[in-house]
Amino acid sequence: MLDRTSSQLRKTFVILSILVLAGMAVVTARQAGYMPALAAACLVLLFALLKSRRIIDEFLGLGGEPGFLRNALLAWPVLFAAAALLRAVLQGVYHL
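Here the structure is a predicted model, which is why all the values come from computation and not from measurement.

Counting residues in each nonpolar core, the largest one holds six residues, listed as Leu19, Val26, Ala29, Met35, Ala40 and Phe47. Broken down by element, this core gets its largest block of residues, three residues, from helix H1 (residues 6-32). When near neighbours in sequence (up to four residues on either side) are disregarded, Phe47 contacts Leu19, Ala22, Gly23 and Val26.

On to the packing of aromatic side chains, then. Per the stated rule, a full pass over the model turns up one aromatic pair. Aromatic side chains Trp76 and Phe80 sit 5.0 Å apart centroid to centroid with 80° between the ring planes, which places their arrangement in the edge-to-face category. Highlighted residues: Trp76 and Phe80, both in helix H3 (residues 68-94), separated by four residues, approximately one helical turn. Judged by relative accessible area, which is 49%, Phe80 ranks as partly exposed.

We now examine H3. Along its 27 residues, H3 runs 38 Å from first to last C-alpha, staying within 8% of the 39 Å computed at 1.5 Å per residue. Along H3, the positions that sit buried rather than exposed are Arg70, Leu74, Pro77 and Ala81. On its buried face, H3 is in contact with helix H2 (37-58).

A few words now on a nonpolar patch on the surface. Nonpolar side chains collect at one region of the surface, where Leu38, Leu86, Val89, Leu90, Val93 and Tyr94 lie side by side and expose about 550 Å² of accessible area between them. Of all the elements, H3 adds the most residues to the nonpolar patch, at five residues. On the secondary structure map, Val93 appears in helix H3.

For Ile56, the location among the structural elements is in helix H2. Not counting the four nearest positions on each side in its chain, Ile56 is found in contact with Gly61, Leu62, Leu73 and Leu74.

This brings us to the packing of H2 against H3. Running from N to C, H2 and H3 point in directions that differ by 170°, and their axes come no closer than 10 Å. For the element pair H2 / H3, the angle class is roughly antiparallel. Residues Leu38, Ala41, Cys42, Leu45, Leu49, Ser52, Arg53, Ile56 and Asp57 of H2 lie in contact with H3, whose contacting residues are Arg70, Leu73, Leu74, Pro77, Val78, Ala81, Ala84, Leu85, Ala88 and Val89. Here the contact of H2 with H3 is built from residues that sort into 15 nonpolar, one polar and three charged.

Following the criterion strictly, the structure yields two salt bridges and no others. For Arg53, the salt bridge is made with Asp57, and the minimal N-O distance between the two is 3.7 Å. You can see Arg53 and its partner Asp57 sitting in helix H2, four residues apart, about one turn around the helix. The exposure class assigned to Asp57 is buried, which follows from its relative accessible area of 11%. Salt-bridge contacts for Asp57 lead to Arg70; the nearest nitrogen and oxygen are separated by 3.0 Å. Separated by 13 residues along the polypeptide, Asp57 in helix H2 and Arg70 in helix H3 bring together distant segments of the chain. The network of salt bridges with common partners includes Arg53, Asp57 and Arg70.

Rules used throughout
Residues numbered from 1 in each chain as written. Predicted model: local features only at pLDDT ≥ 70, side-chain atom pairs only at ≥ 80, totals over all residues. Heavy atoms only, no water. Core = buried A, V, L, I, M, F, W, Y, C linked by side-chain atoms within 4.5 Å. Buried < 20%, exposed > 50% of the residue type's maximum accessible area, 1.4 Å probe, protein only. Helix = DSSP H or I, 4+ residues; strand = E, 2+ residues; numbered from the N terminus. Contact = heavy atoms within 4.5 Å. Phe/Tyr/Trp six-rings, centres within 6.5 Å; stacked < 30°, edge-to-face > 60°. Expected span 1.5 Å × (residues − 1). Patch = residues over 30% accessible without salt bridge, like charges linked within 9 Å, V, L, I, M, F, W, Y side chains within 5 Å. Areas by Shrake-Rupley, 256 points an atom, 1.4 Å probe, with all protein chains shown as cover. Salt bridge = Lys/Arg side-chain N within 4 Å of Asp/Glu carboxyl O. Axes fitted to C-alpha atoms, helices over the stretch in contact; angles between N-to-C directions. Parallel < 35°, antiparallel > 145°, perpendicular 65-115°, else oblique. Nonpolar A, V, L, I, M, F, W, Y, C, P; charged D, E, K, R; others polar.

By themselves these figures say nothing about function.
Shown next, in the form of structure tokens:
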């Protein structure tokens, strides 16, 4: 964080903690059989994308700047999330 106050840092920490706990809840629900595997994978990947966006915006200080660097940094986790989702779909279809 560049020049953030203690309350802004606390707010970001709370948001990131909530996203981590939500991901843990999804994994637990999947293991208990309450949720289909594809839905759980989609939710966990969504939470990961939200966390990465928050980190890029807040800690790298690129939140208000439209530019190539911010877009490239946001595209990187999207690329890996798409690959992971494709793998989950293929595992569901082909039972790998």
